[in-house]
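# Structural features, examined
Given next are the chains, with one letter for each unit.
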Amino acid sequence: MRFRFPQFKFIRGLAFRYSLFFLVAIMIILFFPLVIGYGFSSILLLEKAKNEATILTKQTVAQFENVLQPTELVPQTLVQAMENPNISYAEVLRIARDFIIHDPYVFGTCLAFEPYLFNRDQYWYAPYAFEKNGKLQIRVLGSGEYDYFKMDWYRLPKLLNKPVWTEPYYDEGGGDTLMCTYSTPIYRKINGQRTFTGVLTMDVSLSGFAHIVNSINIFKTGYGFLVSRQGKIITSPKTVMNNLNIIDLAIAGRGIKTQIAIRQMLKGKSEIKDMDGIESKKNPSFLSFAPVSNTGWSFGIVFPKEELFDDLYTFLKFMSWMFGISILVLLVTTIFITRRMTRPIVRLVETTHKIGQGDFNAKLPIRKSRDEVAQLTRAFGVMQDELRSYIHNLEETTTAKEKIESELQVAHNIQMGMLPRGFKTPENWDLFATLDPAKAVGGDLYDFFYLDDDHLCIAIGDVAGKGVPASLFMMVTRTLLRAKATAKLPLNQLMSSLNDELCKENPNEMFVTFFAGIVDLTSGVMEFCNAGHNYPYILHENGKLDQLKIRNGLPLGIFANSTYTTTTYSFNPCEILVMTTDGITDALNMANNFFGEAHLASFLTSLAKKDTKSLTELLIAEVKRFSTGTEQADDITILALQYKDLLRKTNQPMQTYHLTLLNQVTELESLEAKIEELAELWQIPAKVVMEINLVLEELFTNMVFYGYNDHEPHLIKIEFHFIDEHQIQLRLEDDGKPFNLLEKNTGNVIDQPLSERQIGGLGIHFVKEMMNKIEYQRLGNNNIILLTKIF
Amino acid sequence: MELFEEKTDKCVVVGISGRLDTTNYSVLEKRLMDLIDNRHDRIMVECSRMDYVSSSGLRILLMALKKISLAKGKFVLCGLQENIREIFEISGFTSIFEIYHDKEEAYKVF
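Residues numbered from 1 in each chain as written. Chains lettered and ligands numbered in written order. Predicted model: local features only at pLDDT ≥ 70, side-chain atom pairs only at ≥ 80, totals over all residues. Heavy atoms only, no water.

Another point: the overall build of chain A. Secondary structure summary: chain A contains 18 helices and 27 strands in total. Its C-alpha atoms give chain A a radius of gyration of 72 Å, clearly above 28 Å, the size a compact globule of 791 residues would have. With the C-alpha coordinates aligned to their principal axes, the bounding extent of chain A is approximately 215 × 85 × 40 Å. A total of 791 residues make up chain A; the buried ones form 45% of that total. (Helix = DSSP H or I, 4+ residues; strand = E, 2+ residues; numbered from the N terminus. Rg over C-alpha atoms; globule rule 2.2 N^0.38 Å. Buried < 20%, exposed > 50% of the residue type's maximum accessible area, 1.4 Å probe, protein only.)

Below you can see the structure in the form of structure tokens.
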């Protein structure tokens, strides 16, 4: 089962991805207007705030001027009037008193005279009327402690010859309050000359201005303040600022921008300036200021910059929330919509899974609309129907096929059962055969069986065609071969008779290429007949490869009464006869190349020294390797037969000496000399030397006297193998009559009484008694005796 | 092979020295047959210097034994070397021939 992540299914779904895509797009689109809007808003807000501040400044200044105008106008008028000598001072004083009673800001007035001018006896004369607790009080100023001639309000108008606003001061002698005095010089004609006679003052309470200034309300913490010409702070809602000088404040580390702004303000300019703050060091603010006419005062409004944008920030916060909520709503909406749209696809997927698991009747979701999903669903429906009927057909054909296949399997078992295996050959023969059918049953065949104790019949064949017909024909051929072989006919007659039988009942004109051989197991001679079959190979021990390129007649089953010849081949020791069918050479690989005769030949060469079983298996493996990825097109059959040389030693001698003798008794001297020579060389004990001497003499003389039918000279070969210091092997080879000394019964030679005693057989008896191992082989026309002596 | 012959009043002593094999057995054969043909039926074969014998040589000894036995004579062997004695044992000749350790011992039976 496939592992799924149900919790992440939603995230991987179309709905989520599309929604996310839309949202990102919308956010990108909306981001730019938002940023630009923010920039514009800031600029507009700044302009608006500046205008507002400027207007408020001017309005407040106008308010001050409204208050101060009568305060200036009334004394000016009175002083003008006093130029006329007919107007009495008392009259002026009375009008001034009336004025202060009616004016809310002016609380005192004083008419101060030059020394001795009003009264010849009085140095100081300055009647002062003032309001206190709503009542008018009169006091005459001027004394040793209060010498008003030294006061600014008196001194300055006299010096400047014009009305003057004094700096704010706290007058304890007069009004006992923080105030400003408007002081106007008085001139009269004395002795025809316009002479300064004193001043008329109007005391203005600054508490009234504080009220106006304190009522200034701009932004959250914005405030106003009033400063004098000298920079003294007349009034401000900030208590820390009161009674201080604005210049001191500006200089006290408030930053250059603040200093510039204050300088401009005290010069009487009307502006709005950017600065670092006044009452605290780091509070970037705007300062709007304007002069109050005549007084030399200046009014300023301060408001922190950040408050200017407070509203903007609030708005922005609100907008962000709105934006976020909208995005969320949009996300939910798009997910909802896309899920609705993809739901049919999801259902279709579920159904497809069911179909995939084999439920062909799974209901497809019903779609009435004509959109793409509906079309897909309908197409799926059609596919489902076709799949259902296809599977149904497949089941039927499979059942039928399985039946045939099981029958074919039985046929295959029968066919394979007919082929012999596990064959018991004589010691010096080695035989192995295999048949690998292309389909369950095939048209190849091989066979081998004993005709009698000494004769082995081997056969290989290939029926033209494949499958059941070929296999039937093959079985017929094989059965006929066995049947005919019992008649012990010569091979060529056997073949003719086989051919005639196969031709008789052969409506389909089938034929079989066939190679049959009869091997004389003793002599190693094979008589064979090749009826159109592949040429067999002869593989020599040294890897040399020959082919028996002989045709002895047509393939079997073509023409009745065809004649067949036979050929004889005499095996040499260690040779392997390899017979194959064209299933090997015709094997194809992926690139459509044949395995081919050359490949077979070269591969066989590499198999020299193998036994028949491994040779066969390696060759089959090579063909399989070659044709990897392709279907085996034809049966592959191999039959290999080896004529072994049993006496060939597996353990190689350390030294070997050869001696070749003529079949004459006189040669015994050479034999003796050789034995003596080797005995010394190999340090053989005297007793063993004598035994070897005796055994060889016996066998040699035996051959000389009884070994040959003719009187021709023959060669007897003797090999001396020094295996190790305790083992010697002697090999005798002659081309005389077959003589297997192992078969000679010498058991009773020595038990005979004297009269019956024969000397014959005693030599063989010596051999058997003195040697540890005796082996004999008739190889071709030669007797080979191998003796082993262990000491 | 060399042969030595010594005629005493009791018997004829034939000494064999060297190899007795297929190449020279006929020499021994002729000597022994001559003696038997000349009515010498008491023969002692002294083998102390014979160091090799093959079945061809044994055949001559067997032949001589058979002939002398028929003539009721006496044919004995003596002085066999160890190796030669083994060959006699293998061939079963020790049960057929009268074999003595040395010449002195053999004399006593005549």
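Alright, that's what it looks like, and here's the rest.
In this complex, chain A contributes 22 residues to the contact, which on the side of chain B involves 25 residues. Interface area for chain A against chain B, summed over the two sides, is near 2000 Å², with a carbon-plus-sulfur share of 67%. Here E86 of chain B and K687 of chain A are joined by a salt bridge, their closest N and O atoms 3.3 Å apart. Where chain A meets chain B, there are 10 residue pairs in polar contact (both at pLDDT 80 or more). At the level of secondary structure, the elements contributing two or more residues to the side of chain A that touches chain B comprise α16 (668–682), α17 (686–706) and α18 (762–770) of chain A. In terms of residue count, α17 of chain A provides more of the side of chain A that touches chain B than any other element does, eight residues in total. (Contact = heavy atoms within 4.5 Å. Buried area = accessible area lost by both parts, 1.4 Å probe. Salt bridge = Lys/Arg side-chain N within 4 Å of Asp/Glu carboxyl O. Polar contact = N/O pair within 3.5 Å; in protein donor to acceptor, adjacent residues only side chain to side chain.)

All names here are of chain A. On the surface, L20, V24, I28, F31, F32, V35, I36 and F40 cluster together to form a nonpolar patch covering roughly 800 Å² of accessible area. Note that F31 resides in helix α2 (residues 14–82). Residue class for F31 comes out partly exposed when judged on its relative accessible area of 48%. (Patch = residues over 30% accessible without salt bridge, like charges linked within 9 Å, V, L, I, M, F, W, Y side chains within 5 Å. Areas by Shrake-Rupley, 256 points an atom, 1.4 Å probe, with all protein chains shown as cover.)

A few words now on helix α10 (residues 372–418) of chain A. Compared with an ideal rise of 1.5 Å per residue, which puts 47 residues at 69 Å, α10 of chain A spans 65 Å between its outermost C-alpha atoms and is within 8% of the ideal. In this structure, the buried side of α10 of chain A is in contact with α9 (310–356), β13 (429–436), β14 (444–452) and α11 (467–485) of chain A. (Expected span 1.5 Å × (residues − 1).)

With respect to the secondary-structure elements, N530 of chain A resides in strand β17 (residues 525–531). Among all residues touching N530 of chain A, those that are not within four sequence positions of it are F514, F515, Y535, P536, I550, R551, N552 and G553 of chain A.

Next up on the list: the packing of aromatic side chains. Pairs of aromatic rings are described using the distance from one ring centre to the other and the angle between the two planes. What the rule picks out here adds up to 40 aromatic pairs over all chains. Judged by centre distance (5.1 Å) and plane angle (20°), the rings of Y128 of chain A and F130 of chain A are stacked. Chaining the aromatic ring pairs together yields one cluster made of Y116, Y123, W124, Y148, F149, W153, Y154, Y187 and F196 of chain A. Looking at K305 of chain A, its charged tip hangs above the ring of F286 of chain A, at a distance of 5.6 Å from the centre. Over the ring of Y52 of chain B we find R19 of chain B, and its NZ or CZ is 3.9 Å from the ring centre. (Phe/Tyr/Trp six-rings, centres within 6.5 Å; stacked < 30°, edge-to-face > 60°. Lys NZ or Arg CZ within 6 Å of the ring centre and 35° of its normal.)

This brings us to the sheet that holds strand β5 (residues 98–100) of chain B. The strand order across the open sheet built from five strands is β1-β2-β3-β4-β5 (chain B), with neighbouring strands paired in mixed fashion. Of all the strands in the sheet, just β1 (2–7) and β5 of chain B have a single pairing partner and so form its edges. Geometrically, the sheet is characterised by an average inter-axis angle of 25° between neighbouring strands, direction not taken into account. Pairing geometry for strand β2 (residues 12–20) of chain B and strand β3 (residues 42–53) of chain B, over eight bridges, is parallel. Bridge assignment links V13 of chain B to a residue of β3 of chain B, and that residue is M44 of chain B. Together, β2 and β3 of chain B form the strand contacts of α17 of chain A, whose direction differs from that of β3 of chain B by roughly 105°. (Pairing = 2+ DSSP bridges. Axes fitted to C-alpha atoms, helices over the stretch in contact; angles between N-to-C directions.)

Before going further, it helps to examine the sheet that holds strand β15 (residues 455–463) of chain A. Residues and elements named next belong to chain A. A sheet is described by the order of its strands in space; here five strands give the open sequence β14-β15-β16-β17-β20, paired in antiparallel fashion. Both edges of this open sheet fall to β14 and β20 (567–570), since each of them pairs with a single strand only. With strand direction ignored, the average angle separating the axes of adjacent strands in the sheet is 20°. Both β15 and strand β16 (residues 512–520) contribute to a ladder of nine bridges, which runs antiparallel.

What follows deals with the packing of α16 of chain A against α17 of chain A. All names here are of chain A. The N-to-C vectors of α16 and α17 enclose an angle of 155°; their axes lie 10 Å apart at closest approach. In this view, α16 runs roughly antiparallel relative to α17, as classed from their interaxial angle. Where α16 crosses over α17, the two elements pack in a sense that is right-handed. Here L668, L671, E672, I675, E676 and A679 of α16 come into contact with α17, specifically with V689, I692, N693, L696, E697, F700 and T701. Per-class residue counts for the contact of α16 with α17 are eight nonpolar, two polar and three charged. (Parallel < 35°, antiparallel > 145°, perpendicular 65-115°, else oblique. Left-handed = near helix turned anticlockwise from the far one by under 90°. Nonpolar A, V, L, I, M, F, W, Y, C, P; charged D, E, K, R; others polar.)

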